[in-house]
Amino acid sequence: MRKPAKRRPAELQDRMIAGALREAGRPVSAYELIDQLRDVAVLAPQTVYRALGRLIAEGQAHRLESLNAFVACRHTHHDTGTAVFAICEKCGVVSEFDREDAVESLKGWAKSRQFKIAQMTLELRGLCSACTPES
Ligand SMILES: [Zn+2]
Ligand SMILES: [Zn+2]
């Protein structure tokens, strides 16, 4: 038997959290999101984590493992689950960029090893151009 189709009450939360992520413009933790939305909604951490999980699955957000933070996806369409980030360790600026060739080459490697990729987020850590001392 099929489950009756019902509107997800979570849709509103997803939209709210996606908006807050974009507004933040930098990687934020779930707790920072709760704080940011304090005036409009009281959200439990689990609610936020679930919404973030859905946003990530839809390709609207990414999780940065090394920072334990979430960031809005800047791209309108890309392979969900694959993203490349450069993270400045000094000022914290994070840029997401498209490097199809990098992603493709890793996919090719995985394929040749019969490794099935579920998710791929590459994180480059270092100094951004503004933080690099002139030589
Ligand atoms: Zn992205
Ligand atoms: Zn920097």
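Read on for a plain summary of the structure.

What follows deals with the overall build of the protein chain. Counting its regular elements, the protein chain contains four helices and five strands. Ordered by position from N to C terminus, the α and β elements of the protein chain give α-α-α-β-β-β-β-α-β. Residue burial in the protein chain is summarised as follows: out of 135 residues, 16% are buried. Intrachain contacts of the protein chain at a sequence separation of at least 6 include 51% that bridge at least 24 residues.

A separate point is the sheet that holds strand 4 (residues 94-97). Reading across from one edge, 4-3-5 is the order of the three strands in this open sheet, with mixed pairing throughout. Every other strand in the sheet has two partners, leaving strand 4 and strand 5 (120-126) as the edge strands with one partner each. The average undirected angle you get between the axes of adjacent strands in this sheet is 20°. As paired strands, strand 3 (residues 82-88) and strand 5 are joined by seven bridges and run parallel to one another. When the sheet's bridge partners are listed, Thr82 is paired in strand 5 with Met120.

So, about the environment of His62. Positionally, His62 belongs in strand 1 (residues 61-64). Among all residues touching His62, those that are not within four sequence positions of it are Ile56, Val71, Cys73, Ala83 and Thr121.

In this section: the nonpolar core. Nonpolar side chains in soluble globular proteins tend to end up buried together. In terms of nonpolar packing, the biggest core is built from 17 residues, with Ile17, Leu21, Leu52, Ala61, Phe70 and Val71 touching the most fellow members. The residues touching Phe70, leaving out its near neighbours within four places in the chain, are Leu21, Pro27, Val28, Leu52, Ala61 and Arg63.

Quick notes on the rules
Residues numbered from 1 in each chain as written. Chains lettered and ligands numbered in written order. Predicted model: local features only at pLDDT ≥ 70, side-chain atom pairs only at ≥ 80, totals over all residues. Helix = DSSP H or I, 4+ residues; strand = E, 2+ residues; numbered from the N terminus. Buried ≥ 20, exposed ≤ 12 C-beta atoms within 10 Å, placed from the backbone. Contact = placed C-beta atoms within 7 Å. Pairing = 2+ DSSP bridges. Axes fitted to C-alpha atoms, helices over the stretch in contact; angles between N-to-C directions. Core = buried A, V, L, I, M, F, W, Y, C linked by C-beta atoms within 7 Å.

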